[in-house]
Amino acid sequence: MARNLVLAGVLALLPAGALAQPDAATFRTPWGDPDLQHVWTSSTLTPLERPDELAGRTALTAEEAAASTQLELRRIDGDQRVGEGRGDRQEDTPDGRTDVGRAYNEFWRERGRMLRQTSLIVDPPDGRIPYRSGGRPAESPYHGGVGEYPAGPETRGLAERCIAWGSAGPPMQPTTYNSNFQLLQTPDHVAIVNEMIHDVRIVPLDGRPHLASGVRQLLGDSRGHWEGETLVVVTANFTDKTRFRGSSPDLHLVERFTRVAADTLLYEYTVEDESAWTRPWTAAWPLSSLRSQLGAEPGSVGAHLFEYACHEGNYGMTNLLAGARALEPSRD
């Protein structure tokens with residue numbers, strides 16, 4: 001019952017006409033399962049947690065959401081202009097850090113829009129992560145490295161090494177670019193192909209049990225099943241490198257994918273880890289097809305994933321390690 005209320009609340013905040021399409025039950029695979037196959041994007045400006053200034057409010061008006069989208073985009077644009085607080089690549093610092101920091105400008109971003117819901121978290125009702133003792137997560141190994149003068153690539157974060165990116169999941173999170181994924185189905189499996197760092201999750205649907213608890217994987221061990229029109233994916237057996245919002249290897253994740261219209265997929269996830277949070281918590285928001293987000297015609301290039309060639313022409317790791325060798329204190 002609680003989940004049904006959450007789903008109804010999220011769908012009620014969709015733009016007018018978004019669901020004025022054939023019933024989701026009409027989307028079927030040749031073998032009769034709900035057809036979720038599409039390229040979807042999770043891009044949105046809506047934050048995971050509800051901002052303090054919106055405490056007690058679960059929804060914005062349509063006018064507020066539109067105005068907030070424009071305000072946030074103007075703020076981001078202002079941060080990248082000369083004389084508005086941060087400067088740009090022409091105002092470089094002597095050590096080159098400003099130039100490196102501005103290497104990814106707005107040309108590369110796919111920020112989406114502000115949804116009417118005030119946070120992606122829909123439970124607890126306050127829209128906040130229920131951390132234990134007010135704790136916040138430690139730095140994710142996806143990004144942070146170890147040591148000021150790294151001896152080798154093994155001491156750097158997984159994202160720097162083009163191995164994995166935390167927002168690609170599981171669970172999946174919106175980020176500022178490459179927040180796109182494709183769902184592919186067979187009668188016995190579902191494949192979730194992420195554009196970011198090109199990860200692929202193969203999810204069996206044949207009822208097989210999870211791997212033994214001693215077998216740990218970076219993306220966990222996923223098993224799926226259908227509950228009516230909804231694909232439910234349960235993932236466990238994470239490694240200690242996952243640490244989603246402070247989680248431990250005991251993280252237990254349940255994701256739900258429900259196609260509610262031709263170009264809308266409701267994505268929900270619930271995470272549980274007693275060592276990190278005082279209770280399970282849930283995020284849910286509607287994802288758009290990449291085609292509709294870009295205004296692309298069906299079958300056009302704009303409606304497809306692109307290769308994420310993270311290492312191609314990338315001298316970052318070589319230069320980072322060479323710089324560390326030049327700067328580290330003498331070991332004589």
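Data block above holds the structure.
Residues numbered from 1 in each chain as written. Predicted model: local features only at pLDDT ≥ 70, side-chain atom pairs only at ≥ 80, totals over all residues. Heavy atoms only, no water.

Undergrad: Got a minute to help me understand the pairing of strand β4 (residues 189-194) in this structure?
TA: Consecutive side chains along a regular strand alternate between the two faces of the sheet. Among the six residues of β4, five are classified as buried, and the element is accordingly described as predominantly covered. Here strand β3 (residues 180-185) folds back onto β4 in antiparallel fashion, the turn holding three residues. Alignment of β4 against strand β5 (residues 200-204), held across five bridges, turns out to be antiparallel. In the strand pairing of β5, alanine 191 is matched with isoleucine 202. Adjacent in sequence and paired antiparallel, β4 and β5 are bridged by five residues, among which isoleucine 197 carries a positive phi angle near 55 degrees. (Buried < 20%, exposed > 50% of the residue type's maximum accessible area, 1.4 Å probe, protein only. Helix = DSSP H or I, 4+ residues; strand = E, 2+ residues; numbered from the N terminus. Pairing = 2+ DSSP bridges.)

Undergrad: What should I look at first to understand the pattern of salt bridges in this one?
TA: When the charged atoms of two side chains lie near each other, side chains of opposite charge can form a pair. Summed over all chains, the structure comprises eleven salt bridges. One salt bridge in this structure joins glutamate 49 and arginine 128, with 3.7 Å as the shortest N-O distance. Pair noted here: glutamate 49 is in the loop between β1 (38-41) and α2 (62-79) and arginine 128 is in the loop between β2 (121-123) and β3, with a separation of 79 residues, a long-range link. Taking relative accessible area as the criterion, arginine 128 reaches 28% and is therefore assigned partly exposed. For the salt bridge of arginine 208 with aspartate 206, the shortest nitrogen-to-oxygen distance reads 2.7 Å. Owing to a relative accessible area of 42%, aspartate 206 belongs among the partly exposed residues under this scheme. (Salt bridge = Lys/Arg side-chain N within 4 Å of Asp/Glu carboxyl O.)

Undergrad: Please clarify how unusual backbone geometry should be interpreted in this entry.
TA: The phi angle of most residues is negative, glycine excepted, and most peptide bonds adopt the trans form. Aspartate 123 connects to proline 124 through a cis peptide bond whose omega is 10 degrees. Examined against the element boundaries, proline 124 turns out to sit in the loop between β2 and β3. Within the chain, cysteine 162 stands out as a residue other than glycine whose phi angle is a positive 60 degrees. Looking at the secondary structure, you find cysteine 162 in the loop between β2 and β3. Residue classification places cysteine 162 among the buried positions, given a relative accessible area of 8%.

Undergrad: What is the right way to read the packing of aromatic side chains from this model?
TA: Between two aromatic rings, the relevant description is the distance of the centres plus the angle of the planes. Taken as a whole, this structure holds nine aromatic pairs when the rule is applied. Aromatic side chains tryptophan 277 and tryptophan 281 sit 5.5 Å apart centroid to centroid with 85 degrees between the ring planes, which places their arrangement in the edge-to-face category. What makes tryptophan 277 buried here is its relative accessible area of 1%. By the ring-pair criterion, three or more aromatic residues cluster together here, those being Phe244, Phe257, Tyr267, Tyr269, Trp277, Trp281 and Trp285. Here the basic side chain of arginine 259 rests over the ring of phenylalanine 27, its NZ or CZ set 4.1 Å away from the ring centre. (Phe/Tyr/Trp six-rings, centres within 6.5 Å; stacked < 30°, edge-to-face > 60°. Lys NZ or Arg CZ within 6 Å of the ring centre and 35° of its normal.)

Undergrad: Can you walk me through the state of the cysteines in this structure?
TA: As used in these notes, a disulfide is a covalent bond between sulfur atoms, one from each of two cysteines. Per the counting criterion, the structure on display carries one disulfide. Between cysteine 162 and cysteine 310 runs a disulfide, and the two sulfur atoms are separated by 1.9 Å. Between cysteine 162 and cysteine 310, the S-S dihedral sits near -65 degrees, and the bridge is therefore left-handed. Remark: cysteine 310 occurs in the loop between α4 (290-294) and α5 (316-327) and cysteine 162 occurs in the loop between β2 and β3; sequence separation between them is 148 residues. The residues cysteine 162 and cysteine 310 share a single accessibility class, namely buried. (Disulfide = S-S within 2.5 Å.)

Undergrad: Help me understand the pairing of strand β9 (residues 264-272) in this model?
TA: A large share of β9 lies buried, amounting to seven of its nine residues. In this antiparallel pair of consecutive strands, strand β8 (residues 252-261) and β9, the connection spans two residues.

Undergrad: Please explain the nonpolar core as it appears in this structure.
TA: Side chains of nonpolar character tend, in soluble globular proteins, to be buried together. Judged by nonpolar contacts, the single largest core of 32 residues is most densely connected at Phe181, Leu183, Phe257, Tyr269, Trp277 and Trp281. Elements supplying a minimum of two residues to this core: β3, β4, β7 (230-236), β8, β9 and β10 (281-289). Excluding its chain neighbours within four sequence positions, the residues that come into contact with leucine 183 are Leu36, Gln37, His38, Trp40, Val190, Ala191, Ile192, Phe257 and Leu265. One finds Ala159, Met196, Ile197 and Tyr308 within the second-largest nonpolar core, a separate group that totals nine residues. (Core = buried A, V, L, I, M, F, W, Y, C linked by side-chain atoms within 4.5 Å. Contact = heavy atoms within 4.5 Å.)

Undergrad: Is there a simple way to think about the environment of glutamine 70 in this case?
TA: Along the chain, glutamine 70 falls in helix α2. Sequence separation between glutamine 70 and arginine 113 is 43 residues; the distance between their C-alpha atoms is 8.6 Å.

Undergrad: Any chance you could explain the environment of threonine 29 here in plain terms?
TA: Of note, threonine 29 is situated in the loop between α1 (2-12) and β1. Judged by relative accessible area, threonine 29 falls into the buried class, the value being 4%. Here threonine 29 is in contact with Pro34, Asp35, Gln37 and Gln185, once residues within four sequence places are set aside.

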